[in-house]
Amino acid sequence: QVQLVESGGGLVQAGGSLRLSCAASGRTFSSYTMGWFRQVPGKEREFVAAIRGSGSSIDYTDSVKGRFTVSRDNAKNTVYLQMNSLKPEDTAVYYCASQYGLRSRSPSEYNYWGQGTQVTVSS
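Parameters at a glance
Residues numbered from 1 in each chain as written. Predicted model: local features only at pLDDT ≥ 70, side-chain atom pairs only at ≥ 80, totals over all residues. Heavy atoms only, no water. Disulfide = S-S within 2.5 Å. Helix = DSSP H or I, 4+ residues; strand = E, 2+ residues; numbered from the N terminus. Buried < 20%, exposed > 50% of the residue type's maximum accessible area, 1.4 Å probe, protein only. Pairing = 2+ DSSP bridges.

Caption draft 1: Structural view of the state of the cysteines. Counted under the stated rule, the structure contains one disulfide. Disulfide partner of C22: C96, at an S-S distance of 2.1 Å. Judged by the torsion about the S-S bond (-80 degrees), the C22/C96 disulfide is left-handed. Placement of the pair is C22 in strand β3 (residues 18-25) and C96 in strand β9 (residues 92-99), with a sequence separation of 74 residues. Here C22 and C96 have matching classes, each one buried.

Caption draft 2: View of the pairing of strand β5 (residues 46-51). Judged by how many residues are buried, β5 sits mostly within the fold: five of six residues are covered. When strand β4 (residues 33-39) meets β5, the two strands line up antiparallel, connected through five bridges. Paired with M34 across the strands is I51, a residue of β5. Connecting the antiparallel pair β4 and β5 is a turn made up of six residues, with G42 showing a positive phi of about 85 degrees. By the bridge criterion, three bridges tie β5 to strand β6 (residues 58-60) in an arrangement that is antiparallel. What sits directly across from A49, in β6, is Y60.

Caption draft 3: Region of interest: unusual backbone geometry. Residues other than glycine seldom take positive phi values, yet N77 does so here, at roughly 50 degrees. Tracing the chain through its elements places N77 in the loop between β7 (68-73) and β8 (78-83). Owing to a relative accessible area of 23%, N77 belongs among the partly exposed residues under this scheme. Even without glycine at this site, S85 takes up a positive phi of about 50 degrees. Along the chain, S85 falls in the loop between β8 and β9. By relative accessible area, S85 is classed as partly exposed at 41%.

Here it is in structure tokens:
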């Protein structure tokens, strides 16, 4: 029943910023842990960030710590990923995902996925 739609991707120069949004539908959005993942063709899907339903517990992969910020607005059923100081290696398709359980870095633990939004960072 949960549906996720990402937006906000695009082209940006190295050092620039983008803000991704994920609009969610579901009976109890605030109960879900929301995660952000990214994937390059031919590579495994990589964990980026996750946030618990209340927003009180947040996790980031090491490569984005200090540059990316995940947040959520449960009143709007939306989760965000603010990406600053972007690097060419951040180029990927970014996916929003949800799970009913605890925070996790494993894609297999997430039950619902959006279609993805392309982020391209030029040097």
